[in-house]
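Examining the three-dimensional arrangement
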Amino acid sequence: MNPLVSIWTQPKQTIRYVLEYKTWSYSFFILFLVSVSVGMTSFAETDILPDLSLPVIIMLSIVSSFIGTIISVFISSALYTWVGKWLGGKGNFKDMVQMSPIASIPMIWMMPINLLLVIIFGKNLFVDTMNSVDHDVFGTLSIVLLFTNLLTLALGIFGTVILSKGIGVVHHFSSWRGFGTIMIVTGLFLVLMIPFIIFLVFVLLAS
């Protein structure tokens, strides 16, 4: 079984296969591929590294994406394990960490598209289009990025479906309960973010 392909049609079977026959190194290799795929354009339209060369910008984008993704996987896996046990699950943190990157496999298939964006637009890809005077180039770029963002959103939604099934596999309960676990974790995160948002608004209003 090739998880890069089978995840599209057999998500549960693929996740069980990875948990049974693969090691952590495989899951982190998947995580690395996802970071390369998504990371190479993570600074698109930000204009935060205007003085650096294109290869350096891409390298920093990928490295920061990989580090951020690793941290996110460990934190989210801990929360999915914890909340899932509230809901009657029997999974453990080790399996959850190994499973979580597999849910992101669809994002790897964005790699050719994102690489093509870098090749065609170069450093223009990382310029803030709102502040650009070249409306022809950046008007086209904005339209292209809109379509790629919609595609990324669709893959993200499918990734959530896979993650719901994966949490269900790890905890030995239904995919719907896995989805409920995700929603509870998301809700907890939003509640924790409220004080920060209030503080940020207060600072902005005070300035």
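Residues numbered from 1 in each chain as written. Predicted model: local features only at pLDDT ≥ 70, side-chain atom pairs only at ≥ 80, totals over all residues. Heavy atoms only, no water.

With respect to the nonpolar core
Side chains of nonpolar character tend, in soluble globular proteins, to be buried together. One finds Ile30, Tyr80, Met99, Ile102, Leu163 and Ile167 to be the most contacted residues of the largest nonpolar core, which totals 26 residues. Breaking this core down by element, the ones donating at least two residues are helix 2 (11-21), helix 3 (24-39), helix 4 (54-86), helix 5 (93-99), helix 6 (105-108), helix 8 (135-171) and helix 9 (175-206). The biggest single contributor to this core is helix 8, with 6 residues. Contacts of Met99, omitting those with residues within four sequence positions, involve Ile15, Leu19, Leu163, Gly166, Ile167 and Val170. Core analysis: the second largest hydrophobic core is formed by 14 residues, Val36, Phe121, Leu141 and Leu145 among them. (Core = buried A, V, L, I, M, F, W, Y, C linked by side-chain atoms within 4.5 Å. Buried < 20%, exposed > 50% of the residue type's maximum accessible area, 1.4 Å probe, protein only. Helix = DSSP H or I, 4+ residues; strand = E, 2+ residues; numbered from the N terminus. Contact = heavy atoms within 4.5 Å.)

Remarks on helix 2
Every buried residue of helix 2 is accounted for by Pro11, Thr14, Ile15 and Val18. Taken end-on, helix 2 shows its buried residues confined to a sector of 95°, consistent with a single buried face. More than 90 degrees from the buried face of helix 2, the exposed residues found are Glu20 and Tyr21. (Arc of directions from axis to C-beta.)

Observations regarding the environment of Ile108
Considering the arrangement of structural elements, one finds Ile108 in helix 6. Using a relative accessible area of 10% as the deciding quantity, one classes Ile108 as buried. Considered as a pair, Ile108 and Ser37 are 71 residues apart in the sequence and their alpha carbons are 5.5 Å apart. Once residues within four sequence positions are removed from consideration, Ile108 is found in contact with Leu4, Ile30, Leu33, Val34 and Ser37.

Examining the side chain of Gln98
As for its placement among the helices and strands, Gln98 is situated in helix 5. In this structure the side chain of Gln98 is engaged in a polar contact, spanning 3.2 Å, whose partner is the backbone oxygen of Val18. Excluding residues that lie within four positions of it along the chain, Gln98 makes contacts with Val18, Leu19, Lys22, Thr23, Trp24 and Ser27. (Polar contact = N/O pair within 3.5 Å; in protein donor to acceptor, adjacent residues only side chain to side chain.)

Regarding a nonpolar patch on the surface
Judged by side-chain polarity, Ile143, Leu146, Phe147, Leu150, Leu153 and Ile157 come together as a nonpolar surface patch covering roughly 630 Å² of accessible area. Tracing the chain through its elements places Phe147 in helix 8. Assessed through its relative accessible area of 56%, Phe147 is described here as exposed. (Patch = residues over 30% accessible without salt bridge, like charges linked within 9 Å, V, L, I, M, F, W, Y side chains within 5 Å. Areas by Shrake-Rupley, 256 points an atom, 1.4 Å probe, with all protein chains shown as cover. Salt bridge = Lys/Arg side-chain N within 4 Å of Asp/Glu carboxyl O.)

Observations regarding the packing of aromatic side chains
Ring pairs (aromatic) are described by centroid distance and by the angle formed between their planes. Tallying each qualifying case throughout the model produces 9 aromatic pairs. Geometrically, the ring pair formed by Trp24 and Phe28 is tilted, given 6.1 Å between the ring centres and 35° between the ring planes. Of the two residues, Trp24 and Phe28 are both situated in helix 3; the distance of 4 residues between them amounts to about one turn of the helix. The exposure class of Trp24 is partly exposed, given its relative accessible area of 30%. Judged by centre distance (6.1 Å) and plane angle (35°), the rings of Phe28 and Phe74 are tilted. Of the two residues, Phe28 is situated in helix 3 and Phe74 in helix 4; the sequence distance between them amounts to 46 residues. Phe74 gets classed as partly exposed once you look at its relative accessible area, which sits at 31%. By way of ring pairs, the aromatic residues Trp24, Phe28, Phe74 and Phe93 are connected into one cluster. The ring of Tyr26 has Lys22 sitting right over it, with the charged end atom 4.8 Å from the ring centre. (Phe/Tyr/Trp six-rings, centres within 6.5 Å; stacked < 30°, edge-to-face > 60°. Lys NZ or Arg CZ within 6 Å of the ring centre and 35° of its normal.)

A closer look at the side chain of Ser6
Here Ser6 lies in helix 1 (residues 3-6). Note on Ser6: relative accessible area 8%, which makes it buried. Not counting residues within four places of it along the chain, the set of residues in contact with Ser6 comprises Met1, Pro11 and Thr14.

Considering helix 4
Across its 33 residues, helix 4 extends 47 Å between first and last C-alpha, which sits within 8% of the 48 Å expected from 1.5 Å per residue. Positive phi shows up at Gly88, right after helix 4, with a value of about 95°. (Expected span 1.5 Å × (residues − 1).)

What to know about unusual backbone geometry
Note: most residues except glycine have negative phi, and most peptide bonds are trans. Positive phi outside glycine occurs at His172, with the angle close to 60°. If you trace the backbone, His172 turns up in the loop between helix 8 and helix 9.

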